[in-house]
Amino acid sequence: MNARFSVVDDGFDLLLDSRIVLRHRADCPALAIGSGAPEIEMIRGNFRIEDTPTAVIEPAEWSIDGEAVTFSADGYKVAEMVLSGTDLVLTATDPAHDRIWLRFHAEPGEAVWGGGEQM
């Protein structure tokens, strides 16, 4: 399988062979980052978990250098997406951001399965 970034007029696509996996546009960013304030309570092995994300950034600014996309907000680098073969590595540049969301692309009639929440 061949993974690559493809620049288009108003953004970029991440292609796996010829299939669009991620589509990034200014009006629909593929990536968002933020911080969280989790509240976790455990009583005799039963957990109550509440998490309200705060300071969510959906960076519309981006640049591609080879196999890496740098995302910026207000002129500051906030995240990086790097292709290594078919692996996709996401990094938030500010350690205060401890949440990353990806919006996978799907055509009408398609469904995206998996990609569940990781704790």
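Rules and cut-offs
- Residues numbered from 1 in each chain as written.
- Predicted model: local features only at pLDDT ≥ 70, side-chain atom pairs only at ≥ 80, totals over all residues.
- Heavy atoms only, no water.
- Helix = DSSP H or I, 4+ residues; strand = E, 2+ residues; numbered from the N terminus.
- Buried < 20%, exposed > 50% of the residue type's maximum accessible area, 1.4 Å probe, protein only.
- Contact = heavy atoms within 4.5 Å.
- Areas by Shrake-Rupley, 256 points an atom, 1.4 Å probe, with all protein chains shown as cover.
- Lys, Arg positive; Asp, Glu negative; His and termini not counted.
- Charge placed at Lys NZ, Arg CZ, Asp CG, Glu CD.
- Patch = residues over 30% accessible without salt bridge, like charges linked within 9 Å, V, L, I, M, F, W, Y side chains within 5 Å.
- Salt bridge = Lys/Arg side-chain N within 4 Å of Asp/Glu carboxyl O.
- Pairing = 2+ DSSP bridges.
- Axes fitted to C-alpha atoms, helices over the stretch in contact; angles between N-to-C directions.

We now examine the overall build of the chain. Within the chain, the secondary structure is distributed over zero helices and 12 strands. Listed by position from the N terminus, the elements making up the chain come as β-β-β-β-β-β-β-β-β-β-β-β. Principal axes of the C-alpha set define a box for the chain whose edges measure 50 × 35 × 25 Å. For the chain, the residues scored as buried account for 28% of the 119 residues in total. Counting contacts in the chain only where the partners sit at least 6 residues apart, residues at least 24 apart contribute 43% of the total. In the form shown here, the chain has an accessible surface area of approximately 8000 Å², with 51% of it arising from carbon and sulfur atoms. For the chain, the separation between the mean place of its 9 positive charges and that of its 21 negative charges on side chains is 5 Å.

Attention shifts here to the side chain of S72. You can see S72 is positioned in strand β9 (residues 68–73). Looking at S72, the relative accessible area reads 16%, which means it is buried. S72 has contacts with P59, A60, E61, K77 and V78, leaving out every residue within four places of it along the chain.

A cluster of nonpolar side chains, contributed by I40, M42, F47 and I49, occupies part of the molecular surface with about 460 Å² of accessible area. Put simply, the parts of the chain that give the nonpolar patch at least two residues each are β5 (39–43) and β6 (46–50). On the secondary structure map, F47 appears in strand β6.

Below, the discussion takes up the sheet that holds strand β2 (residues 11–16). The three strands are arranged β1-β2-β3 in an open sheet whose pairing can be described as antiparallel. In this open sheet, the two edge strands, each paired with only one partner strand, are β1 (3–8) and β3 (19–25). Between one strand axis and the next, the sheet turns through 20° on average, direction left out of account.

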